[in-house]
Every structure is written in C-alpha cells, then in structure tokens.
Amino acid sequence: QVQLVESGGGLVQPGGSLRLSCAASGSIFRFRVMGWYRQAPGKERELVAAITPGGSTNYADSVKGRFTISRDNAKNTVYLQMNSLKPEDTALYYCNERAVVPGVVNYWGQGTQVTVSS
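Owing to the predicted nature of the structure, the values given are computational and were not obtained by experimental measurement.

Definitions and cut-offs
- Residues numbered from 1 in each chain as written.
- Predicted model: local features only at pLDDT ≥ 70, side-chain atom pairs only at ≥ 80, totals over all residues.
- Heavy atoms only, no water.
- Helix = DSSP H or I, 4+ residues; strand = E, 2+ residues; numbered from the N terminus.
- Rg over C-alpha atoms; globule rule 2.2 N^0.38 Å.
- Buried < 20%, exposed > 50% of the residue type's maximum accessible area, 1.4 Å probe, protein only.
- Contact = heavy atoms within 4.5 Å.
- Phe/Tyr/Trp six-rings, centres within 6.5 Å; stacked < 30°, edge-to-face > 60°.
- Lys NZ or Arg CZ within 6 Å of the ring centre and 35° of its normal.

Asker: Any chance you could explain the overall build of the protein here in plain terms?
Answerer: Along the backbone of the protein there are zero helices and eleven strands. If you list the helices and strands of the protein from N to C, you get β-β-β-β-β-β-β-β-β-β-β. For 118 residues, the compact-globule estimate of 2.2 N^0.38 gives 13 Å, and the protein sits close to it at 13 Å. Out of the 118 residues belonging to the protein, those deemed buried represent 40%. Long-range pairs, those at least 24 residues apart, make up 54% of the contacts in the protein between residues at least 6 apart in sequence.

The structure is reproduced here in structure tokens:
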C-alpha cells in the first residue's frame, strides 16, 4: 500500500522560504511522476509543480522562478523548495504520486499547511 507523508509546512513571513518534503513508501517511486498540489480555502486544488522519473519538471506560472521541485530516488522523497513566498501561496499543500500514464494509479498525501503572513 502506497503512503505519502508530507512535512515541512508552517507559518512564514512574506519573502521567506520553506522546504516541503514528501516521503513515499510502498511504491515504485523511481518510476512515478511526483507532484505538489495546493488548495486554498474556497478554491480548487491546483498543480504547483511536477517532476517525471527522468527529472523533467513543470511549474504553475504563479510559482515559476520561486519554487523548485526535486526528487531523491534513493530516499523515495520529493521536495518542494519555496522561496520568495507570498500571502497568496497560503494553502494546504498535497503530495501526489501517479503513473506516467495518467489515470492508471494516483495517490495523495494528507497535506501540510503553508501560511504566509506577517
């Protein structure tokens, strides 16, 4: 059974940084697309960043140049480095694991809260 456990969220001032981690267990991690999504109150869940098994990445326009996704296949862990945080980045951040072919498998973590406020 696949489990995704996020950590690293918290309260940070505007302009600050946080690093989220997501540890996967029970999966063939190195063959999966890993992603970070977020959901703010009253809004739909949106893709923040994703990384393929080969290391290709894509980002939401709103975070390009500020956030960096990376993966460590030896540790079955995916990271999201978030710099220059803004109040509008406040949301519950979820880790996602899916197969390269969409719709085959799709797993979610429980989420970690990021709050950007002075």
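Asker: I keep staring at the packing of aromatic side chains and nothing clicks. Help me out?
Answerer: All told, the structure shown has two aromatic pairs when counted by the stated rule. Between the aromatic rings of Y37 and W108, the centroid separation amounts to 4.9 Å while the plane-to-plane angle is 70°, which identifies the pairing as edge-to-face. Of the two residues, Y37 sits in strand β4 (residues 33-39) while W108 sits in strand β10 (residues 106-108), which places them 71 residues apart along the sequence. Relative to W108, the ring of Y94 has its centre 6.4 Å away and its plane inclined at 90°; by these criteria the two rings are edge-to-face. Linking Y94 in strand β9 (residues 91-98) with W108 in strand β10, this pair joins segments that are 14 residues apart in sequence. In this structure Y94 comes out as buried when scored by relative accessible area, which is 12%. A relative accessible area of 34% means that W108 is categorised as partly exposed. Among the aromatic residues, those joined into a ring-pair cluster are Y37, Y94 and W108. The ring of Y94 carries the charged tip of R45 above its face, separated from the ring centre by 3.8 Å.

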